[in-house]
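Here are the chains, one letter per residue:
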Amino acid sequence: MNKWNSMRLIIIMGVLALSLTSCFDSNHDPDSTSEGMDHSQMGQSSMDSNNELSEKRTTEVDTLKGKEFTLTAQTSNLEISSGVILPVWTFNNSVPGPQIRVKQGDHVNITLENELPDPVTIHWHGVPVPNNMDGIPGVTQNAVQPGQSFVYNFKADVPGTYWYHSHQDGVNQLDRGLYGSFIVEGTNEEKVNRDFTLMLDEWASSGMDLSDMNNDMPNMDHSQMNMDSSNSPLENSPIEHDMSMYDLFSINGKSGDLVSQLPVKEGENVRLRLINAGYQPHQIHLHGHEFKVTATDGQPINNPGVLKDNVIYIGPGERYDIEFTANNPGQWFLEEHGDDKAVPGMKAVIAYEGVASGTDKSNAMEALASVDLTSYGQSGNNTFTLDQQFDLEYTMDLNTEMKKGNMVYTINGKTFPDTEVLTARKGDNIKVRLTNNSTDVDHPMHLHGHFFQVLSKNGKPLEGSPIFKDTINLKPGEEYVVAFEADNPGNWMFHCHELHHASAGMVTELMYSDYKTDYVADPNAGNKPE
């Protein structure tokens with residue numbers, strides 16, 4: 001049990017005892033338990049709400065435009081659903097952080113100011129930035145210390161839907177709310193009347209008793225992995241992560257009745273940008289309308305077909321843009337499907353102006369077919385084919401194993417830092433075969449700094465539009481073959497974006513042998529890349 005958990009347990013036990021004798025101490029310091037706290041482990045009692053969470057609150061999510069931005073990492077308190085308030089870590093006092101919108105070709109400068117008690121960084125998920133701007137502590141930069149700042153600068157070359165998040169102790173810091181959306185508006189982007197961004201996430205609201213947590217999962221902090229160290233993470237990996245603790249699903253930091261409506265007018269063209277910032281896959285269903293999937297991970301789909309009553313199965317880290325015409329006045333759900341108790345919280349209402357109410361009903365328990373990108377859209381110019389010659393070929397067998405009494409997540413039977421590095425030179429064409437051998441968990445694999453083309457699924461070549469992604473979700477038993485050009489020199493992470501899996505071993509690197517970095521790791525920076 002770490003120092004803060006020990007102190008918190010002592011405080012809670014003491015306060016409970018005092019409350020039983022009607023001697024509750026109202027002078028409890030609200031900040032003393034929020035520092036260093038993993039919100040995924042918190043039990044929020046009325047005592048917590050009345051004392052620790054009584055002051056600062058998050059604000060509405062801003063949209064920032066231009067070329068110069070400041071993101072301030074700071075603590076706050078989020079009302080995620082009616083009566084449920086959680087201590088959170090934020091960018092600019094909102095969850096998600098502000099949406100940053102830039103134009104294709106812009107040179108942007110983004111200053112990160114750290115007002116948190118712990119170090120932090122920002123990773124630009126999916127954006128092909130120069131390697132020294134990738135935001136990976138211990139790999140591309142040292143973590144930004146409390147009270148310090150760091151400036152990220154890069155050219156936004158590739159339009160699309162992206163997001164940003166902390167990559168310092170990411171498994172915990174994302175869980176606390178350190179993320180936001182990053183949109184690059186294309187020069188020739190098709191115009192729409194409404195453009196909504198929906199960031200999906202999971203939260204733990206209550207019922208996580210600290211004493212039980214520390215008995216059942218003794219090392220939930222997954223924070224010992226340091227890529228500039230030779231120490232293995234296995235000694236600090238969890239026995240098994242219990243995802244049932246996440247009992248609230250959210251859209252843009254709100255759950256249930258607090259989720260904002262999506263206002264439209266009849267005849268408008270509407271774009272929905274779906275971003276999964278959580279650790280679980282989600283199945284999103286648009287009611288009452290035909291739609292098209294126009295992009296995945298920000299990359300366009302060629303001549304997408306019309307769909308209706310299909311779910312978008314979106315894995316952690318993935319993004320999907322969908323578009324529809326508002327031609328069916330009423331109030332319609334955009335909702336998660338599944339049987340998890342938290343499913344009802346991930347629901348928004350598409351509300352036509354002038355329509356006071358609607359007759360739509362949830363069918364969240366119904367099993368609907370998901371959109372199949374392997375045969376969606378129209379074939380076009382492929383960058384790669386399955387039968388061409390590649391400079392390098394790799395296989396990544398993903399699995400769940402028991403080692404030293406702990407459950408770990410492996411690549412080819414090994415955990416980081418012992419996983420095989422993908423070594424390349426600039427200009428190499430690389431093919432990677434990924435297989436999920438785990439029996440009951442998805443593995444959303446994210447490659448930093450590059451887009452890859454999906455060539456086949458389960459041995460069958462893709463038949464529709466060429467599909468380019470930076471994150472691909474593999475369900476148990478699935479196999480994908482992907483290919484990419486080594487066109488962005490550097491040292492890049494390739495890891496599972498279910499960050500509990502990454503922090504327990506499912507990480508490797510793509511390293512350019514002809515790249516030399518001037519980065520020097522500071523052993524005192526506390527760099528924790530996952």
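From a predicted model like this one, the values you see are computed outputs, not experimental measurements. (Residues numbered from 1 in each chain as written. Predicted model: local features only at pLDDT ≥ 70, side-chain atom pairs only at ≥ 80, totals over all residues. Heavy atoms only, no water.)

### Thoughts on the overall build of the chain
Part 1: Each helix and strand in the chain was counted, giving five helices and 32 strands.
Part 2: Here the chain displays about 20,900 Å² of accessible surface, and carbon together with sulfur accounts for 45% of that area. (Helix = DSSP H or I, 4+ residues; strand = E, 2+ residues; numbered from the N terminus. Areas by Shrake-Rupley, 256 points an atom, 1.4 Å probe, with all protein chains shown as cover.)

### Observations regarding empty space enclosed by the protein
Part 1: Under the counting rule described, the total for this entry stands at two cavities of 30 Å³ or more.
Part 2: At the level of elements, strand 10 (194-203) and strand 19 (331-336) are the ones that each hand at least two residues to the lining of the second largest cavity.
Part 3: Sorting elements by how many residues they give to the lining of the second largest cavity places strand 19 first, with three residues.
Part 4: Partitioned by chemical class, the residues of the lining of the second largest cavity number seven nonpolar, no polar and two charged. (1 Å grid on protein atoms, 1.4 Å probe; cavity = no way out; pocket = protein on both sides within 12 Å on 5 of 7 lines; lining within 4 Å. Points joined across faces, edges and corners; volume = space filled by probe spheres on them. Nonpolar A, V, L, I, M, F, W, Y, C, P; charged D, E, K, R; others polar.)

### Description of the packing of aromatic side chains
Part 1: Summed over the entire model, instances satisfying the criterion amount to nine aromatic pairs.
Part 2: Their ring planes at 45 degrees and their centres at 5.6 Å tell us that tryptophan 124 and tyrosine 164 sit as a pair that is tilted. Separated by 40 residues along the polypeptide, tryptophan 124 in strand 6 (residues 123-125) and tyrosine 164 in strand 8 (residues 160-165) bring together distant segments of the chain.
Part 3: Overall, the relative accessible area of 0% leaves tryptophan 124 in the buried class.
Part 4: The buried category is assigned to tyrosine 164, whose relative accessible area is 0%. (Phe/Tyr/Trp six-rings, centres within 6.5 Å; stacked < 30°, edge-to-face > 60°. Buried < 20%, exposed > 50% of the residue type's maximum accessible area, 1.4 Å probe, protein only.)

### Describing the nonpolar core
Part 1: Ranked by size, the top nonpolar core spans 65 residues in total, and within it Phe291, Val293, Val432, Met445 and Leu510 carry the most contacts.
Part 2: In this structure, Phe91, Leu116, Trp124 and Phe182 belong to the second largest nonpolar core, which totals 26 residues. (Core = buried A, V, L, I, M, F, W, Y, C linked by side-chain atoms within 4.5 Å.)

### Here's the deal with the confidence of the model for the chain
Part 1: When pLDDT is averaged along the chain, the result is 87; 83% of the residues meet or exceed 70.
Part 2: Scored below 50 in pLDDT, residues 1-53 shows 84 contacts in the model against residues more than four places distant or in partner chains.
Part 3: Confidence drops under a pLDDT of 50 for residues 207-239, and excluding neighbours within four residues, the segment shows 89 contacts in the predicted structure. (pLDDT = per-residue confidence, 0-100. Contact = heavy atoms within 4.5 Å.)

### Section: the side chain of lysine 469
Part 1: Checked against the element boundaries, lysine 469 lands in strand 28 (residues 468-469).
Part 2: Judged by its relative accessible area of 3%, lysine 469 falls in the buried class.
Part 3: Within the local environment of lysine 469, its side chain forms a polar contact with the side chain of threonine 296, the two groups lying 2.9 Å apart.
Part 4: A distance of 3.1 Å separates a polar atom in the side chain of lysine 469 from the backbone oxygen of threonine 471.
Part 5: Not counting residues up to four positions away in its chain, the partners in contact with lysine 469 are Thr296, Asp297, Glu318, Tyr320, His450, Phe451, Phe452 and Val454. (Polar contact = N/O pair within 3.5 Å; in protein donor to acceptor, adjacent residues only side chain to side chain.)

### Points about the environment of glutamate 189
Part 1: Note on placement: glutamate 189 falls in the loop between strand 9 (179-185) and strand 10.
Part 2: Exposure remark for glutamate 189: the relative accessible area of 21% places this residue in the partly exposed category.
Part 3: In sequence terms glutamate 189 and glycine 160 are 29 residues apart; their C-alpha atoms lie 9.3 Å from each other.
Part 4: Every residue in contact with glutamate 189, bar those within four places of it in the chain, is listed here: Val184, Arg271 and Arg273.
Part 5: Only 3.2 Å separates the side chain of glutamate 189 from the backbone nitrogen of glycine 186, close enough to count as a polar contact.

### Brief notes about the pairing of strand 26 (residues 452-457)
Two faces make up the sheet, and in a regular strand the side chains alternate between them.
Part 1: The buried fraction of strand 26 amounts to five of the six residues, a majority that puts the element mostly inside the structure.
Part 2: Across two bridges, strand 26 lies against strand 28 in antiparallel orientation. Bridge assignment links phenylalanine 452 to a residue of strand 28, and that residue is lysine 469.
Part 3: Relative to strand 30 (residues 479-485), strand 26 is paired through four bridges, and the arrangement is antiparallel. Residue pairing for strand 30: serine 456 is matched across the bridge by valine 481.
Part 4: Counted between consecutive antiparallel strands, the loop separating strand 26 from strand 27 (residues 460-461) contains two residues, among which asparagine 458 sits at a positive phi close to 50 degrees. (Pairing = 2+ DSSP bridges.)

### Let's talk about the pattern of salt bridges
Part 1: Across all of its chains, the model carries 21 salt bridges by this definition.
Part 2: Salt-bridge contacts for arginine 273 lead to aspartate 195; the nearest nitrogen and oxygen are separated by 2.9 Å. Highlighted residues: arginine 273 in strand 13 (residues 269-276) and aspartate 195 in strand 10, separated in sequence by 78 residues.
Part 3: Judged by its relative accessible area of 1%, arginine 273 is buried.
Part 4: Glutamate 393 is the salt-bridge partner of lysine 431, the closest N and O atoms lying 3.9 Å from each other. Of this pair, lysine 431 sits in strand 24 (residues 429-436) while glutamate 393 sits in strand 21 (residues 392-403); the two residues are 38 residues apart in sequence, bridging distant segments of the chain.
Part 5: The class for lysine 431 is buried, based on a relative accessible area of 11%.
Part 6: In this structure, a network of salt bridges that share partners links the residues Arg101, Lys103, Glu185, Glu189, Asp195, Arg271, Arg273, Asp321 and Glu323. (Salt bridge = Lys/Arg side-chain N within 4 Å of Asp/Glu carboxyl O.)

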